[in-house]
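A look at the structure
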Amino acid sequence: MKHHGNVIIIGSGLIGLSVARELAGLGLHVTLLERGRVGHEASRAAAGMLAAQAECDQPDAFFQLALKSRNMYPDWIRELEQEVQTSTGYRQSGILLVATNEHEARTYEQRAAWQREWGLRAEWIEPAELAAFEPGLAANLAGGLHVPDDHQIDSWRLCQALWQSAVIRGVEVHENCPVHSLRIENGRVRGVRTVHGDFSAEHVLVAAGSWSGQLLSGERTIPVRPVRGQVLEAYAPPNFLKHVIFSEGCYLVPKSEGRLLIGATVEEAGFVKEAELGGLRRLLERAAALVPEVDRLRAGPVHVGFRPATPDLRPVLGPDATVENLWWACGHYRNGVLLTPVTGKVMAQWIVGQTPEVNIQLFGPQRFLNQQQKPAAAGSPTG
């Protein structure tokens, strides 16, 4: 039996790395176990939109959580980049939601209205003004909603920076170390069983993305399922787009070094990590309908990942409902990048016995006890 300190974290995507880094910063000995390579699943295939306003259609508890995390980003990134001396590609470029028809236009105008009532910046742009605001857009669009405080980041660079910071702070990382099961004795988690033997710790946190629900045996489980997303990388000339372009079923995210990410097909395909030509064709058709010059760009690689979805499409955050010292931070679906800072902070505070600065009781795993919920529709994707 190997004793590995205070906390074992299962999963090394953005969520697992963020919690590990925060816990290590609070003085805990953290061991991070990864089934494959660090950050090579959902975090690798994310476009990195921090779309708290663009993504949410009502001011509910999830919107408040998303807004809190987005607002943490500037100071959080500044501290992280100073610590590791590398850029994460964080850009305060704003997001432009583009309406392709009158129904979408009315929906976005209503969203702008209630967000302004909340004191947030949200500007409706009439169709005649779109060309001046973003010259590359098609001429037949029905208007757009500009949210300047929704930003973006390079999710892969962020993952590498968090990994480096976690190691600097003393986190022990084991790649290619799949966890077979949790070790639970007398109602309390004692560690995990892996291909390399048993590991013990005082606490275990599950941040294994779409695989999280496989770790509990028996009738009870955490209902997390994989939703496959495809993101196509293209190469664009400088200033091809000034903003992130977001529409129903498609987004275009300009990155550094002439890269443009076009995403994302969402499909209920199980754990089949393969790009499909039909999905890519539909994706390119949608993108070209928004920005016609996309058809002239040079194609790059395709990134495929599994978005971890729950029945209500909300994350699972907090202590297990029945097993002591077992914690969950998974099911972030298409908002994992956006919710990375707040998840890391809140989960670390909770595990060490501090009062979390954000109330996340509504997102606890207890909501799935004795419930038979049907999966919700996948909905429109984001990074």
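Sequence positions are assigned chain by chain, starting from 1 and proceeding in written order. Note on the predicted model: pLDDT of at least 70 is required for a residue's local features to be given, and 80 or more for side-chain atom pairs to be given and counted; whole-chain, interface and lining totals, by contrast, use all residues. Derived side-chain values reflect all non-hydrogen atoms in the structure, with water molecules and hydrogen atoms excluded from consideration.

Thoughts on the pattern of salt bridges
Any Lys or Arg side-chain nitrogen located within 4 Å of an Asp or Glu carboxyl oxygen qualifies as a salt bridge. One pass over the structure, following the stated rule, counts 29 salt bridges. Of the charged contacts, one joins Arg121 and Asp149 as a salt bridge, the two residues approaching to 2.6 Å between their closest N and O atoms. Linking Arg121 in the loop between α4 (102–117) and β6 (123–125) with Asp149 in the loop between β7 (144–147) and β8 (151–152), this pair joins segments that are 28 residues apart in sequence. Its relative accessible area of 48% is what places Arg121 among the partly exposed residues. Ionic pairing is found between Glu185 and Arg183, a salt bridge with its closest N-O pair at 3.1 Å. Look at the salt bridges and you will find they share partners, linking Arg21, Glu22, Glu79, Glu83, Arg169 and Lys345 into a network. Strands here mean DSSP runs of E at least two residues long; helices mean DSSP runs of H or I at least four residues long; both are numbered from the N terminus. Whether a residue is buried, partly exposed or exposed follows from its accessible area with a 1.4 Å probe, protein chains only, as a fraction of its type maximum: under 20%, in between, or over 50%, in that order.

Points about the sheet that holds strand β18 (residues 298–309)
Here a strand pair is declared whenever DSSP counts at least two bridges between the two strands. With mixed pairing, the eight strands of this open sheet are ordered in space as β6-β7-β5-β15-β16-β17-β14-β18. With one partner strand each, in any of the chains shown, β6 and β18 form the two edges of the open sheet. When the angles between neighbouring strand axes are averaged without regard to direction, this sheet yields 20°. Pairing of strand β15 (residues 244–247) with strand β16 (residues 250–254), which is carried by three bridges, proceeds in the antiparallel orientation. Lines fitted to C-alpha atoms define the axes here, with helix axes fitted over just the stretch in contact, and angles between the N-to-C directions of these axes take values from 0 to 180 degrees.

So, a negative patch on the surface
A cluster of like negative charges, contributed by Glu102, Glu109, Glu123, Glu126 and Glu129, occupies part of the molecular surface. Along the chain, the position of Glu126 falls in the loop between β6 and α5 (127–133). Its relative accessible area of 39% is what places Glu126 among the partly exposed residues. Patch rule: a residue counts if its relative accessible area is over 30% and it has no salt bridge; like charges are joined within 9 Å, and nonpolar side chains (Val, Leu, Ile, Met, Phe, Trp, Tyr) within 5 Å. In short, Shrake-Rupley with a 1.4 Å probe defines the accessible areas, and a residue's cover is counted only from the protein chains shown. His residues and chain termini do not enter the charge count, which takes Lys and Arg as positive and Asp and Glu as negative. Charge coordinates come from a single atom per side chain, which is NZ of Lys, CZ of Arg, CG of Asp or CD of Glu.

Some remarks on helix α1 (residues 14–25)
Here, expected helix span is obtained from the residue count minus one, scaled by 1.5 Å. In this model α1 runs 16 Å from its N-terminal to its C-terminal C-alpha over twelve residues, within 8% of the 16 Å that 1.5 Å per residue would give. Of all twelve residues that make up α1, eleven are buried, and the element is covered over most of its length. Every buried residue of α1 is accounted for by Leu14, Ile15, Gly16, Leu17, Ser18, Val19, Ala20, Arg21, Glu22, Leu23 and Ala24. Of the residues trailing α1, Gly27 is marked for its positive phi of about 95°.

Section: the packing of α1 against helix α3 (residues 61–84)
Remark: α1 packs on α3, axes separated minimally by 14 Å, with the N-to-C direction vectors making an angle of 75°. The angle between α1 and α3 places the two elements in the roughly perpendicular class. Where α1 abuts α3, its residues Ser18, Arg21 and Glu22 lie against Trp76, Glu79, Leu80 and Glu83. Across the contact of α1 with α3, the residue classes break down as two nonpolar, one polar and four charged. Roughly parallel means an angle under 35 degrees; roughly antiparallel means over 145; roughly perpendicular covers 65 to 115; every other angle is labelled oblique. Contacts are assigned to residue pairs that have any heavy atoms within 4.5 Å of one another. Under this grouping Gly is polar, as are all residues other than the nonpolar Ala, Val, Leu, Ile, Met, Phe, Trp, Tyr, Cys and Pro and the charged Asp, Glu, Lys and Arg.

Considerations on helix α6 (residues 155–168)
The end-to-end C-alpha distance of α6, which contains 14 residues, comes to 20 Å, matching closely the 20 Å that a straight helix rising 1.5 Å per residue would cover. Restricting attention to buried positions, one finds in α6 the residues Ser155, Leu158, Cys159, Ala161, Leu162, Ser165 and Ala166. For α6, the buried positions fall inside an angular range of 165° around the axis, keeping them on one side. In protein, a polar contact means a hydrogen-donor-capable atom and an acceptor-capable atom, both N or O and within 3.5 Å, with residues adjacent in sequence counting only if both atoms are side-chain atoms; elsewhere, any N or O pair within 3.5 Å suffices. Taking the backbone nitrogen of Trp156 as reference, a side-chain oxygen 3.1 Å away marks Asp154 as the first, capping residue of α6. One or two residues past the end of α6 sits Gly170, with phi positive at roughly 105°. Read the arc as the range of directions from the helix axis to the C-beta atoms.

Here we look at the pairing of strand β2 (residues 7–10)
Because side chains alternate across β2, one face comprises the buried residues Val7 and Ile9, and the other comprises Ile8 and Ile10, equally buried. Sheet analysis places β2 next to strand β3 (residues 30–33), joined by four bridges and oriented parallel. Counted as the bridge partner of Ile10 is Leu33 from β3. As defined by bridge partners, β2 adjoins strand β13 (residues 203–206) across four bridges and the pair is classed as parallel. Looking at the pairing, Val7 lines up with His203 of β13.

A few points about the packing of α1 against α6
In the contact formed by α1 and α6, the axes pass within 9 Å of each other and the chain directions differ by 30°. In this view, α1 runs roughly parallel relative to α6, as classed from their interaxial angle. For the element pair α1 and α6, the recorded crossing hand is left-handed. Residues Leu14, Leu17, Ser18 and Arg21 of α1 lie in contact with α6, whose contacting residues are Ser155, Leu158, Cys159, Leu162, Trp163, Ser165 and Ala166. Along the lines of polarity and charge, the residues of the contact of α1 with α6 split into seven nonpolar, three polar and one charged. Each helix crossing is assigned a hand: it is left-handed if the near helix lies turned anticlockwise from the far helix by less than a right angle, otherwise right-handed if that turn is clockwise.

Some details on the pairing of strand β20 (residues 326–330)
Most of β20 sits out of view: five of its five residues are buried. Where burial is concerned, the two faces of β20 agree: the one with Leu326, Trp328 and Cys330 and the one with Trp327 and Ala329 are both buried. With three bridges connecting them, β13 and β20 associate as parallel partners. If you follow Val204 over to β20, its bridge partner there is Leu326.

Comments concerning the sheet that holds strand β19 (residues 316–319)
Strands pair in a sheet through their backbones, by hydrogen bonds, and they do so in one of two ways: parallel or antiparallel. The six strands are arranged β9-β3-β2-β13-β20-β19 in an open sheet whose pairing can be described as mixed. With partners counted over all chains shown, the strands left at the sheet margins are β9 (172–174) and β19, one partner each. Neighbour to neighbour, the strand axes of the sheet diverge by 20° on average, direction disregarded.

A short note on the environment of His146
Its location among the elements puts His146 in strand β7. Considered as a pair, His146 and Val266 are 120 residues apart in the sequence and their alpha carbons are 25 Å apart. In this structure, His146 is in contact with Gly94, Ile95, Leu96, Arg121, Ala122, Glu123, Ile125, Phe133 and His243, ignoring residues within four places of it in sequence.

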